Amino acid sequence: MRIKFLDFLIFLLILICLFSYFSKYGEYKQRETLEYSGSQIFKAIKDFENYTSKGFLYNVKIVGRLNMDDSKFEDTGFVTETGKGYFILKDYEGKKYNIGGVMSYKEAVSAEKIIMTVENKSTVFYEAKPIETKNFEELYNHIVYISEFMEFKGIYDIAISGEFTVIPYSDVNEELEKIVYCKNVHFGENTLKLEQFSIKELENLDSIIKPEKIYTGDFWVIVRTENEIEELEKYKIKETDDENSYIYKDSIHIRL
Amino acid sequence: MIQEFFDRIVENINLSYKKSNFASIGDIFLSKLSKFPEIKYFGRRRTSTRFFHPLIFILIFIIFLGVSDAPISYYGTFTLFLGLFGFFLGVKIKFRKIELPEKFFYPSLILFFIFVALTFYNWSIFSKLGLIPFSMIYLSQKKYSFEIYLTAFVVSLLIFFQIGYWAISLPYLFLSLLFMALSLRHNEDYHIKNLKSFLVLFSILILFGQYPSILPFALGYWIFFFLYYLMVIIFIGNKGKLHEIVTNNLWKITFLLIVIGTFYWILDLVAYGGIPILEPLKRGSLDPWYTMAAHLLPLGTILLVSLVGMEMEKKKARSVALIFVVFTLITMGILGYRTQIALTIIGVLIASAFTELITLEEITILGGAGALGLIAMTGLRNIILQTKISVIDAIRYRVGLTLSSYDILAQLGGLRGFTHGFVHVASYPSLATLMPGLAYSPRRYIGVFVGAGNVSITSTIMGPLVIDFGIIGVFLGMFFLGFLLRKSHDLIKKIEGREKALFIAFYSIFLGYAIIGIETGIVDFEVLLTFFVGFLYILYRS
């Protein structure tokens, strides 16, 4: 078969298009960081939801444009909420932004590039039994103490989720909104609701709420480790709840 | 006596049709076509039909990938290339005929009935096992198998519509139609006579029946209207084999497609009460049935272009084609559906190349103008919606979004699929209600799976396949598409005369929809129906 000039052009076109496609793998890394183009907003949100459900701590960098005036936008923070085609980013100063895809026009920011960095390697969930403390510092010490069994993997961060009765009540929700390392925090009618709340922020709670008494219900603790838990280590970790009287039996589960 | 009664009805139908105003309008329409002016050719280079070989699909798909602003996961990319490989095999592999000795006929029939009985005991296993002897009936005996499959078709339809057991009935519906198409050409005169009697009987039943209980396969009144004209008036009212009837009435069929398309386009605009292209956000409120029927207009135009290209003097044929193409582009443009505009442009371009109605120079100019037109429409939408990105970026991001949606579906679909046919069945809204959950349209289902909520999302031609049937479905689905395009392409070369125009139109529509489907997917009911009817006719004629 004789190859004509047109065949050559078509072959060249295929090569250029394949190169154009595959070269973008270098542009959007998927190892240390997970990178998405603004058109991949749905995939990014799926991954955020997946990592959130597994209790991982991750930060997200956004490069894009403010829809209000089309000016450049670049900021890093945490995802506090996800929706249909958008998510809420809270930056390190506590400011919240509604982020949409590259073609969005309803949201505050249209993202051109989304870079997700997962900060810890594995997570261990367990359900802790209720306790009574005078302040959040005491609660912090208790959580650190009952999580010691994970020291051998290096603890990167510990987060808690649950409802806590705090006396006395004060309307401080506006200040609580500024707390960065958490998914959600709300104080109403003596009940403080925390969602994936990093315990390093508990100290701030003492200064904001000024509690006299704290009664925890059953609450979930998420230990985020510095090093990855290996498959066989999972079984050993799961046996810990037999020895630890502050943890509910069979409540430990591990996410890699 | 019954046969005589049927014959008398057929004669009367034929007579009343010939006397009707509708038929005379059709004749006037055809006679006016010959009075169209001539249009001279611009340029001399004949368009090579090599440009429109089925494999062009792979080239366009790779360009599509190259345009994307971001890559998808390695797994997603692998499934895409697997699909393209399946398509390539479908185009290249030639099947040998499989036949069984006639002694297998009765054992197959008996085994099939045993499995039917056992289906009452365990439907999941035996309804699937029954498909084997059901297929063996055709392979072992062709003379009377048409009637067996016609009966199976009607019974499956009744099960489907009356009881709603779609998992049992749909495979049998599909296979019985397939084998009906394959077996029709064997002993055709006998089958056609039976089929005509069946259709007359069915038409009488319709008169006494109450929609939709006794009218299970009139899937909507417009389809019923169209099928009724096509089958009862054209098919029953004429003598000869099916392909002779179709060929002899090809002009009438073209006229019907254009008239029905235009009629429902007017109805659609009246019901909408405005100009949909100027209100893109409100466009969702167009009546889906009217819109679907209006989409017959591009099909009619493509068929008309093939026909005039084959049968009329070329320069006159060019003016007929031009006027109808412009008319179709304007009407479809007003509805605001870019897909139909793209189909008209691509389909007419392919049909014109095969009928030598267009030169290479003209294709270059028209292709450029068409692309600019589409970009202008996208731009217009962007201006109205106030997005702040360039048109080229909008295309790149749109491709990126579509591929990224496919990626999510590919992860969900896995090897054997996640929804097992749910998305494709939802292309017909009433059937979607048979499924658990909310009755969405296919692209809205995809929107839900992708995480966009109740929003229409495109996911490439392979997206619906991968979520429904996994990577096995992607491979087989694309293989089927390649096979269908190759078959219709081969028939253009094989068949001569007026019928060739039909196959040129089929191929132009299939390739046109396949190219457009790269982005949008093939999940619209009328598109699936067009593919299926075309596929059956191609099976019958190949």
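On a predicted model such as this, the values are computed, not experimentally measured, just so you know.

This part covers the overall build of chain B. Tallying secondary structure elements over chain B gives 25 helices and 0 strands in all. Residues counted as buried form 42% of the 542 residues belonging to chain B. Summarising the internal contacts of chain B: among those between residues at least 6 apart in sequence, 74% fall at separations of at least 24.

A few words on the overall build of chain A. Along its length, chain A carries 6 helices and 14 strands. Relative to the 2.2 N^0.38 estimate, which gives 18 Å for 256 residues, the radius of gyration of chain A is 23 Å and therefore markedly larger than a compact globule would have. The buried share of chain A, taken over its 256 residues, is 34%. Long-range contacts, defined here as pairs at least 24 residues apart, represent 67% of the contacts in chain A between residues at least 6 apart.

Each partner contributes to the interface: chain B provides 26 residues, whereas chain A provides 26 residues. Contributing elements (two or more residues each) for the side of chain B that touches chain A: helix H3 (56-67) and helix H19 (391-413) of chain B. The biggest single contributor to the side of chain B that touches chain A is H19(B), with 8 residues. In the side of chain B that touches chain A, the residues fall into 14 nonpolar, 9 polar and 3 charged.

Another aspect to go through is the pairing of strand E5 (residues 96-100) of chain A. All names here are of chain A. Direction of pairing for strand E4 (residues 86-91) relative to E5: antiparallel, over a ladder of 5 bridges. Counted as the bridge partner of Lys90 is Lys96 from E5. Connecting E4 to the antiparallel partner E5 that follows it, the hairpin turn spans 4 residues, and Gly94 within it adopts a positive phi of roughly 90 degrees. Alignment of E5 against strand E6 (residues 109-118), held across 2 bridges, turns out to be parallel.

The next point concerns the packing of H19(B) against helix H22 (residues 442-450) of chain B. Residues and elements named next belong to chain B. Viewed as axis vectors pointing N to C, H19 and H22 meet at an angle of 75 degrees, and their least axial separation amounts to 10 Å. Comparing their axes, H22 and H19 come out roughly perpendicular. On H22, the residues touching Ser405, Ile408, Leu409 and Leu412 of H19 are Ile446, Phe449 and Val450. In terms of residue class, the contact of H19 with H22 is built from 6 nonpolar, 1 polar and no charged.

A few words on the domain arrangement of chain A. Residues and elements named next belong to chain A. The assigned domain composition of chain A is domain 1 (9-118) and domain 2 (122-255). Between the C-alpha centres of domain 1 and domain 2 there is a distance of 30 Å. Taken together, the contacts link 10 residues of domain 1 with 13 residues of domain 2. Residues of the side of domain 1 that touches domain 2, tallied by class, amount to 4 nonpolar, 4 polar and 2 charged.

On average, residues of chain A score 86 in pLDDT, and 98% of them reach the 70 mark or higher. For chain A, the element scoring lowest by mean pLDDT is helix H6 (residues 233-238) of chain A, at 77; strand E2 (residues 58-66) of chain A scores highest, at 93.

All names here are of chain B. Within the largest apolar cluster, 132 residues are counted, with the highest numbers of intra-cluster contacts made by Ala321, Ile350, Ala505 and Phe510. It is helix H24 (residues 498-520) that contributes the most residues to this core, 15 residues altogether. Those residues in contact with Phe510 that sit more than four places away from it in its chain are Leu484, Leu485, Ser488, Phe531 and Gly534.

This part takes up the packing of helix H8 (residues 145-163) of chain B against helix H9 (residues 166-183) of chain B. Residue and element names in this part refer to chain B. The geometry of H8 relative to H9 is characterised by a closest axis approach of 8 Å and an angle of 155 degrees between their N-to-C directions. In terms of their interaxial angle, H8 and H9 are classed as roughly antiparallel. Of the two elements, H8 crosses H9, and the hand of that crossing is left-handed. Residues Ser145, Phe146, Tyr149, Leu150, Ala152, Phe153, Ser156, Leu157, Ile159 and Phe160 of H8 lie in contact with H9, whose contacting residues are Trp166, Ile168, Ser169, Leu170, Tyr172, Leu173, Ser176, Leu177, Phe179, Met180 and Ser183. Class assignment of the residues belonging to the contact of H8 with H9 gives a composition of 16 nonpolar, 5 polar and no charged.

Residues and elements named next belong to chain A. Residues Val185 and Phe187 of strand E10 (residues 184-188) are buried on one face, while the alternating residues Asn184, His186 and Gly188, pointing to the opposite face, are not. As paired strands, E10 and strand E11 (residues 191-198) are joined by 5 bridges and run antiparallel to one another. Looking at E11, one finds that His186 is bridged to Lys193. In sequence, E10 turns back onto E11 through a hairpin of 2 residues, with Glu189 there showing a positive phi of about 55 degrees.

Turning to the environment of Ala167(B), a few remarks are in order. Residues and elements named next belong to chain B. With respect to the helices and strands, Ala167 occurs in helix H9. The class of Ala167 is partly exposed, set by 13 C-beta atoms lying within 10 Å. Taking the C-alpha atoms as reference, Ala167 lies 50 Å from Lys314; in sequence the two are 147 residues apart.

What follows deals with H19(B). Spanning 23 residues, H19(B) covers 32 Å between terminal C-alpha atoms, matching the ideal 33 Å at 1.5 Å per step. Gly414(B) sits one or two residues past H19(B) and shows a positive phi near 60 degrees.

Time to look at unusual backbone geometry. Trans peptide bonds make up most of the peptide bonds, and negative phi angles are found at most residues other than glycine. Look at the link from Ile167(A) to Pro168(A): it is a cis peptide, with omega at 0 degrees. Relative to the helices and strands, Pro168(A) is located in the loop between strand E9 (155-167) and helix H4 (173-176). The phi dihedral of Asp70(A) falls on the positive side, at around 65 degrees, and the residue is not glycine. At His420(B), a residue that is not glycine, the phi angle is positive and equals roughly 50 degrees. Position of His420(B) among the secondary structure elements: in the loop between H19 and helix H20 (422-425).

Attention shifts here to the environment of Leu322(B). Within the fold, Leu322(B) resides in helix H16 (residues 314-335). The spatial distance from the C-alpha of Leu322(B) to the C-alpha of Leu199(B) is 38 Å, given a sequence separation of 123 residues.

Before going further, it helps to spend a moment on the confidence of the model for chain B. Residues and elements named next belong to chain B. For chain B, per-residue confidence averages 83 on the pLDDT scale, and 88% of positions sit at 70 or higher. Between residues 212-219, whose pLDDT stays under 50, and residues either more than four places distant or in other chains, the model counts 13 contacts. What the predictor reports for the complex is a pTM of 0.86 with an ipTM of 0.84.

About the cut-offs
- For every chain, the first residue of its written sequence is number 1, and the numbers climb from 1 along that sequence.
- Chains carry letters and ligands carry numbers; both start at the beginning, A for chains and 1 for ligands, and go up in the order they are written.
- Thresholds applied to this predicted model are a pLDDT of at least 70 for local features of residues and 80 or more for the giving and counting of side-chain atom pairs; totals over whole chains, interfaces and linings are not thresholded and use all residues.
- Counting from the N terminus, the helices are the DSSP runs of H or I reaching at least four residues and the strands are the DSSP runs of E reaching at least two.
- The burial criterion counts other C-beta atoms lying within 10 Å of a residue's C-beta, which is placed from the backbone; the residue is buried at 20 or more, exposed at 12 or fewer, and partly exposed between these limits.
- In this description, any two residues whose backbone-derived C-beta atoms lie within 7 Å of each other are considered to be in contact.
- Our radius of gyration looks at C-alpha atoms and nothing else; its globule reference is 2.2 Å times the residue count to the power 0.38.
- Charged residues are taken to be Asp, Glu, Lys and Arg, nonpolar residues to be Ala, Val, Leu, Ile, Met, Phe, Trp, Tyr, Cys and Pro, and polar residues to be all remaining types, Gly included.
- One requirement defines pairing of two strands: DSSP has to find at least two bridges between them.
- Axis definition: a line fitted to C-alpha atoms, over the contacting stretch in the case of helices. Angles run 0 to 180 degrees between N-to-C directions.
- Working rule for angles: under 35 degrees goes down as roughly parallel, over 145 as roughly antiparallel, 65 to 115 as roughly perpendicular, anything else as oblique.
- The split into domains, and so the bounds of each, comes from an automatic or database assignment of domains.
- Predictor confidence is given residue by residue as pLDDT, running from a minimum of 0 to a maximum of 100.
- Put simply, a nonpolar core is buried Ala, Val, Leu, Ile, Met, Phe, Trp, Tyr and Cys residues tied into one set by C-beta atoms within 7 Å.
- Crossings are assigned a handedness: left-handed for a near helix turned anticlockwise from the far helix by less than a right angle, right-handed for a clockwise turn.
- By this rule, a helix spans an expected 1.5 Å times one less than how many residues it contains.

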